[in-house]
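Each chain, written out:
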Protein chains: 4
Amino acid sequence: MSRVRVSIVGGSGYTGGELARILLFHPQVELTQVASGGHAGQFLHSTHPNLRKLTTLRYCHPDDLTSCDVLFLCLPHGASAGAIERYRGLAPRIIDLSADFRLRSPELYARWYGHEHSVPALLSEAVYGLPELHRAELAEATLVSGTGCSATTAILGLAPLYRAGIVNQQLPLVVEAKFGSSAAGATPGAGSHHPDRSGAVRSFEPTGHRHSAELIQELGLLSHGANLQQTVAFSATAIELVRGILVTAHVFTSERIEEKALWKIYREAYGREPFIRLVKEKTGVYRYPEPKILAGSNFCDIGFEVDADQQRIVVIAALDNLMKGAAGNGVQVLNSMFGWDETVGLSFPGLHPV
Amino acid sequence: MSRVRVSIVGGSGYTGGELARILLFHPQVELTQVASGGHAGQFLHSTHPNLRKLTTLRYCHPDDLTSCDVLFLCLPHGASAGAIERYRGLAPRIIDLSADFRLRSPELYARWYGHEHSVPALLSEAVYGLPELHRAELAEATLVSGTGCSATTAILGLAPLYRAGIVNQQLPLVVEAKFGSSAAGATPGAGSHHPDRSGAVRSFEPTGHRHSAELIQELGLLSHGANLQQTVAFSATAIELVRGILVTAHVFTSERIEEKALWKIYREAYGREPFIRLVKEKTGVYRYPEPKILAGSNFCDIGFEVDADQQRIVVIAALDNLMKGAAGNGVQVLNSMFGWDETVGLSFPGLHPV
Amino acid sequence: MSRVRVSIVGGSGYTGGELARILLFHPQVELTQVASGGHAGQFLHSTHPNLRKLTTLRYCHPDDLTSCDVLFLCLPHGASAGAIERYRGLAPRIIDLSADFRLRSPELYARWYGHEHSVPALLSEAVYGLPELHRAELAEATLVSGTGCSATTAILGLAPLYRAGIVNQQLPLVVEAKFGSSAAGATPGAGSHHPDRSGAVRSFEPTGHRHSAELIQELGLLSHGANLQQTVAFSATAIELVRGILVTAHVFTSERIEEKALWKIYREAYGREPFIRLVKEKTGVYRYPEPKILAGSNFCDIGFEVDADQQRIVVIAALDNLMKGAAGNGVQVLNSMFGWDETVGLSFPGLHPV
Amino acid sequence: MSRVRVSIVGGSGYTGGELARILLFHPQVELTQVASGGHAGQFLHSTHPNLRKLTTLRYCHPDDLTSCDVLFLCLPHGASAGAIERYRGLAPRIIDLSADFRLRSPELYARWYGHEHSVPALLSEAVYGLPELHRAELAEATLVSGTGCSATTAILGLAPLYRAGIVNQQLPLVVEAKFGSSAAGATPGAGSHHPDRSGAVRSFEPTGHRHSAELIQELGLLSHGANLQQTVAFSATAIELVRGILVTAHVFTSERIEEKALWKIYREAYGREPFIRLVKEKTGVYRYPEPKILAGSNFCDIGFEVDADQQRIVVIAALDNLMKGAAGNGVQVLNSMFGWDETVGLSFPGLHPV
């Protein structure tokens, strides 16, 4: 059977590089073209040094993209939406890893992004590309959106609780996300200058973080038809780390709930998911999820602790923002769209120690 | 005027070392003895290599302590309380940097520490050693307790809001504290082994952290006579950092409040405090408090952001856990007790970059 | 065809864990038993958390090892030699990743290890397990030694120069190796305590490092029959890094040599080696080898710079000490012994950024 | 007695910031003006956040500098030399922390910097600002040059051996210097982008590093009248560290030398130096010099190991590149010029742990 022809536009960034790395080893895929406006003509390894000796592919110019079966978009905010018709002309199926098509509602988009969406009619057509929540829709989807890295972490960690209907939405949901520096992209700047970024524990967007909108949308969908009734308090802190996100979420329950019941909820939700691991140990050093051992893997590790007296659950979830938070999840979507085993090309388990 | 004679027991740990470093340069103090059961006879710099060439002092055995004016206790949990009568016999004024005398209520102690206090009668006598909140009591105190490093950070960040009476105690207070590795002390173990600890983003005590009790006590005192009515949800995450704590606290207000009113509350609370800086910038990289630039300094930097629509305030506070979170604060207490300028010996401002 | 049955003894350390990770995905191999004296009965993922959900294998006790086709030894220094007859009774082919059988000469061993070897007769039988230098011998070998991680880096970097006969052995060879913390193993101690190890730039064994002996042996073998005539000055520095080694070697040439001739020497030596990459770029950030992008990969990256006027070559070589420096190289040896493609199970290229 | 009026030009960089931090607390000095072309009108703490609450000083424009007693130049390469006459018109004594006036010989300058010096006549007038080697000259100097950070480390570590005449100059001197990221300055770029710079072990200038020229000059001066006859092989590696340099130097001796004799040489050389510590312990973790515990201090720690059989000495030296390697040394020079105790303003000993 011939391989599926996949191309990437915006390949010189971190997500594009990670996607290329995975697809070069994917047995069902031929990585046909990788486009970059700024690096056309250069080898892929000029920007992704880990790809030395693995490919002699060079970047093409975006204008030189030819048709393919699937086109991944790894573009800056706004650029996907701005040229989406052209890209849809190149490929019957688009996976857009930017933030442009994550929200279903033009109103929600306008509220969180501060401006009207340029092609609002497409928002209802796009699928939020999280296989764990939208697997059925992916099979026929022609436009799939990637998911925000910290939103993915929080949504996967919290979804079982919302679906189970145990959350007290009269009380706030508080989500504190800790980020590595790769989440801010490949462009140098004052904030990423090593002497200043190294060892930083740096609040950014303590209020108003756009990933909040994805939580509102997806947790709302799980709230049994109703929208989310709850205050979502999302804060973000950049820490000393390159890859990885850890989310610590505090959620309150309507009734007292015991640990055993929570185990049941999580096991039922994720028992058959290939990339979700429940991590909650009584002993050892790695008792809860930790991004450190997930670098390069597509796992989302999820753990929790319950304070029954306070009717409070602390959910802890971790992933590699470039893998399950971006490129790896994109390939899982691809696998899902084509009916392949979702783990194809994504079996690297992460290293220890590292 | 003769110098005040100060001794330290438990000098070989990180807090003891930091205390020695400060006191060796303190113009009003003579560092008389530093005791350590395990290192008696050795030079201080055998455990604190930064003190090379600064002192030829050697550790004495705790049994060989003689009387002095002020005795600092830097002992493991339980050891101060267990021998407090002996220590009080050695010095008229004790500053205990352990957790043994932080709580005023034997009930609160038993609930959070899981056992009865061994000398409960002393709890009401001890002063919670935070000059910003208990300066007047320090003048006459004979037994002062140090304060928990993350508790100090959170309490200093939140106190003005509680004193101002604007907090909605029907909604939870959520405090997420991020810790460097020095907070876990100088004893090696599996959790501090570099290949495993390096780059970690590690939840510990997502529920049940003992520093919660200090928040309950101190914020309760500020709640206009009433105890704290509120759920305190405290979670702790160890991150890649040696020194420093950052607290991100989410608190909800009874009424809509604007940024300008918050500035007024914080300025009135801390305008004359020598070690509190309000950090909230519109531009630049260091817009909120960051522990990175506080290493070695006694500052507690405090910032905030308000989401008026959600009636939510995010408070961000940072300090060096060995300085304002332990030894530096202890020296500030000492200065306060003796009526000296509180900044004596504590003027190092921190480095940038570092 | 039935899979080759491979067991590991000493599986709970870092090298054992890495070996298990690779072998679990190796299509020609069945990982039969993993033994650990201290963890018998526990799941592998109790010590190697990255293996969660990948295997339900539990450690067996070393006494319960049964026969297999290949036995890997990942034991502390001296333990392999001390029980080698028993292990040889269990498997026809042994790959010992300790330092016990690296040297061919009992005299060289005694000089560098400070005591006589316990089974000196076996030293001449063992093969130094570096496929790039001893591939032919591996085919029939029954006892193969792993190679020292920094020795591997230096030897691979320098071998082409010695084989080409251009080194001036009247002048010293100076090798400075920089190490991550995983090279010191999985046992916690004062030297690996995070507050002290983090950010360290720490000389250890500035003279007398045992890996020197491997350089003397292997570079001597390449010196056209003669032993090495040269002073080998090897220094080692531990730096802030978990995985990875960088070697900076200064070697002087008998005659003036130009860059072009060096390129020819290196290309001829390594043009067909699957795991050697020559890295020497004129532009970009990653112009020379760097261990950072090699974590998890089996590559040894090699670069150089020449100061023709000084008749000096600086060789720069990097690898992942747990992969090409230990477990990955061990699997390459296994592949080579069985005539499989040497890259089987070793195709992970490393991440960028990370 | 009135304070000495000191100004800084080029104050917004890391060296300028460190200088300001020290001088703000210097009891003999009034920090009069700090000039910056790019930040005129802004507060100092806009670029140096550690100076918040310590000063309300704002940057002036360089054109607005008025006369002062001492002017520090912290300018990019070439800028000091290009405007030196103007600066000398502003202050009778200049301390230039750039590389412009470090070399005494126009020929040596041209060889290493690749172009002729713009004011070669001044080179013989300037003093190489290392008090340990040129204290007497500093008393009357009107133009003092700062010293290269890694050159300072290496020269201080090696000087006693050259002065003692024990070095075999027929064999090369090999110096490997490891650098933190602050040595590359405050301007962001691809090489300092955190995801790429973090965890890096990155060779740069394995040959041709300009600091070599300072070694050639200063070690030559110590070689008993003769120039240096020796090959100087200097390589530089950037590592994960913000502040600090560690130099590992291999030097060969003319005759066999024992450790005891080396101790004598070093003690005689540095026994009375306030900022040199000899660090060489038989036990403990910090047995040799380490930059980690020197951040913020003005110490240069020096250790060594001898391989008597090989007639080889390994010298290990460490300092904080912004302190003893730049600003701190500059203030030591200032203190020396005015006959003050050299330690004034420089007593901070560094932190442990950090």
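Parameters at a glance
- Think of each chain on its own: its residues are numbered from 1, step by step along the sequence as written.
- Each chain is given a letter, starting from A, and each ligand a number, starting from 1, according to the order in which they appear as written.
- Local features in a predicted model are, by the rule used here, given only for residues with pLDDT of at least 70; side-chain atom pairs are given and counted only at 80 or more, and totals for whole chains, interfaces and linings are based on all residues.
- Side-chain numbers here rest on the full set of heavy atoms in the structure, without hydrogens or water.
- The numbering of helices and of strands both runs from the N terminus, where a helix is a DSSP run of H or I of at least 4 residues and a strand a run of E of at least 2.
- Classification of residues uses two cut-offs on accessible area relative to the type maximum, computed with a 1.4 Å probe and protein chains only: under 20% is buried, over 50% is exposed, and between them is partly exposed.
- A contact between two residues is defined here by any heavy atoms of the two lying within 4.5 Å.
- UniProt positions are given in the numbering used here, feature names are shortened, and annotations may be inferred rather than shown by experiment.
- Copy-to-copy alignment: least squares on C-alpha atoms, limited to residues at pLDDT 70 or above in both.
- Salt bridges are counted wherever a side-chain nitrogen of Lys or Arg sits within 4 Å of a carboxyl oxygen of Asp or Glu.
- Pairs of N or O atoms are called polar contacts if they sit within 3.5 Å, as long as, within protein, a hydrogen donor faces a hydrogen acceptor (for residues adjacent in sequence, only side-chain-to-side-chain pairs).
- Gly counts as polar in this scheme, as do all residues outside two lists: the nonpolar Ala, Val, Leu, Ile, Met, Phe, Trp, Tyr, Cys and Pro, and the charged Asp, Glu, Lys and Arg.
- What gets called buried area is simply the loss in accessible area from a 1.4 Å probe that two parts show on being joined, summed for both.
- A helix's residues, less one, multiplied by 1.5 Å, set its expected span.
- Note on pairing: two strands pair once DSSP finds at least 2 bridges between them.
- Handedness of a crossover: with both strands directed away from the viewer, a clockwise path from the first strand across the helix to the second marks it as right-handed.
- Angles here are taken between N-to-C directions and fall from 0 to 180 degrees, while the axes themselves are lines fitted to C-alpha atoms, restricted in helices to the stretch in contact.
- In this scheme the handedness of a crossing depends on how the near helix is turned from the far one: anticlockwise by less than a right angle means left-handed, clockwise means right-handed.

Details of the overall build of chain A
Helix and strand content of chain A: 10 helices and 13 strands. When its C-alpha atoms are laid out on the principal axes, chain A stretches across 60 × 45 × 45 Å. Per-residue burial over chain A gives 67% buried out of 354 residues. Residue pairs at least 24 apart in sequence account for 71% of intrachain contacts in chain A once pairs closer than 6 positions are excluded.

Remarks on the UniProt feature "domain: Semialdehyde dehydrogenase NAD-binding" (unreviewed entry) in chain A
UniProt's entry tags residues 5-141 of chain A with the feature "domain: Semialdehyde dehydrogenase NAD-binding" (unreviewed entry), counted in the numbering of this structure. The span residues 5-141 of chain A carries 28% helix and 16% strand; its end-to-end C-alpha distance comes to 17 Å.

Considerations on the relation of the copies chain B and chain A
Superposing chain B onto chain A takes a rotation of 180° plus a shift of 0.0 Å along the axis, which leaves an RMSD of 0.0 Å. Both copies are brought into coincidence by an operation consistent with a two-fold rotation axis. Distance from the rotation axis, computed per C-alpha, reaches its smallest value in chain B at Glu240 of chain B: 2.9 Å. With an isologous cut-off of 70% or more, the 100% of interface residues of chain B that recur at the interface of chain A puts this contact in the isologous class.

Re the interface of chain B and chain A
On the chain A side, the residues contacting the 48 residues of chain B number 48 residues. Here chain B and chain A share four salt bridges between them. Taking the shortest distance from any N to any O, the salt bridge between Lys178 of chain A and Glu176 of chain B comes out at 2.9 Å. Joining chain B to chain A, the criterion identifies 16 residue pairs in polar contact (both at pLDDT 80 or more). For the side of chain B that touches chain A, the secondary structure elements donating two or more residues are strand E7 (173-179), helix H7 (194-197), strand E8 (202-204), strand E9 (232-238), strand E10 (245-252), strand E12 (300-307) and strand E13 (312-319) of chain B. A per-element tally of the side of chain B that touches chain A places E9 of chain B first, with five residues. Grouping the amino acids of the side of chain B that touches chain A by side-chain chemistry returns 25 nonpolar, 13 polar and 10 charged.

Side note on the interface of chain B and chain D
Listed by partner, the interface residues are 35 residues for chain B and 35 residues for chain D. Interface of chain B and chain D: buried area, both sides summed, is about 3,100 Å²; carbon and sulfur atoms make up 63% of it. Broken down residue by residue, the surface that chain B buries against chain D is led by Arg52, Lys53 and His352 of chain B, which jointly contribute 22%. Where chain B meets chain D, there are two salt bridges. Note that Glu281 of chain B and Arg52 of chain D form a salt bridge whose closest N and O atoms lie 3.6 Å from each other. Our enumeration of links across chain B and chain D arrives at 14 residue pairs in polar contact (both at pLDDT 80 or more). Within the residue set of the side of chain B that touches chain D, elements represented by two or more residues are helix H1 (14-24) and strand E11 (276-278) of chain B. Tallying contributions element by element places H1 of chain B first for the side of chain B that touches chain D, with three residues. The residue inventory of the side of chain B that touches chain D, partitioned by class, reads 18 nonpolar, eight polar and nine charged.

Comments concerning helix H9 (residues 259-270) of chain B
Between its first and last C-alpha atoms H9 of chain B spans 16 Å; for 12 residues at 1.5 Å apiece the expected length is 16 Å, and the two agree. Against helix H6 (149-163), E11, E12 and E13 of chain B lie the buried residues of H9 of chain B.

A few points about the environment of Leu130 of chain B
Residue and element names in this part refer to chain B. With respect to the helices and strands, the residue Leu130 is situated in the loop between strand E5 (127-128) and helix H5 (131-138). Assessed through its relative accessible area of 0%, Leu130 is described here as buried. Once the C-alpha coordinates of Leu130 and Arg88 are considered, the two residues, 42 residues apart in sequence, prove to be 21 Å apart. In this structure Leu130 touches Arg135, Thr147, Thr152, Ile155, Leu156, Lys324 and Asn329, once residues within four positions along its chain are discounted.

Some remarks on the pairing of strand E2 (residues 29-35) of chain A
Residue and element names in this part refer to chain A. For E2, the tally of buried residues reaches six of seven residues, placing the bulk of the element in the interior. One ladder, built from six bridges, connects strand E1 (residues 4-9) with E2; its direction is parallel. Pairing of Val9 across the sheet is with Ala35, part of E2. Following the chain from E1 across helix H1 (residues 14-24) to the adjacent parallel E2, one finds a crossover that is right-handed.

So, the packing of helix H5 (residues 131-138) of chain A against helix H10 (residues 327-337) of chain A
All names here are of chain A. Contact geometry for H5 and H10: axes closest at 10 Å, N-to-C directions at 35°. With respect to the hand of their crossing, H5 and H10 are arranged in right-handed fashion. Contact residues: Pro131, Glu132, Arg135 and Leu138 in H5; Asn329, Gln332, Val333, Ser336 and Met337 in H10. Its residues assigned to classes, the contact of H5 with H10 shows four nonpolar, three polar and two charged.

Notes on the sheet that holds strand E4 (residues 93-96) of chain C
Residues and elements named next belong to chain C. Judged by pairing direction, the sheet is parallel, and its six strands sit side by side in the order E2-E1-E3-E4-E6-E5 without closing on themselves. Two strands lie at the open edges of the sheet, namely strand E2 (29-35) and strand E5 (127-128), each paired on one side alone. Inspection of the sheet shows strand E1 (residues 4-9) paired to strand E3 (residues 70-73) by four bridges, in the parallel sense. If you follow Val6 over to E3, its bridge partner there is Val70.

Focus on the relation of the copies chain B and chain D
Rotating chain B by 180° about the axis while translating it 0.0 Å along that axis superimposes it on chain D, leaving an RMSD of 0.0 Å. The share of interface residues of chain B whose copies in chain D are also at the interface is 100%, consistent with both copies meeting through the same surface.

Some points on the UniProt feature "binding site: NADP(+)" (unreviewed entry) in chain A
Residues and elements named next belong to chain A. As recorded in UniProt, the sites labelled "binding site: NADP(+)" (unreviewed entry) are Ser12, Gly13, Tyr14, Thr15 and Asn321. For Ser12, the location among the structural elements is in the loop between E1 and H1. If we skip the residues at most four places from it in the chain, Ser12 touches Ser36, His39, Thr47, His48 and Tyr59. Its place among the elements puts Thr15 in helix H1. Setting aside residues no more than four positions away along its own chain, Thr15 makes contact with Cys74, Leu97, Leu322, Ala326 and Ala327.

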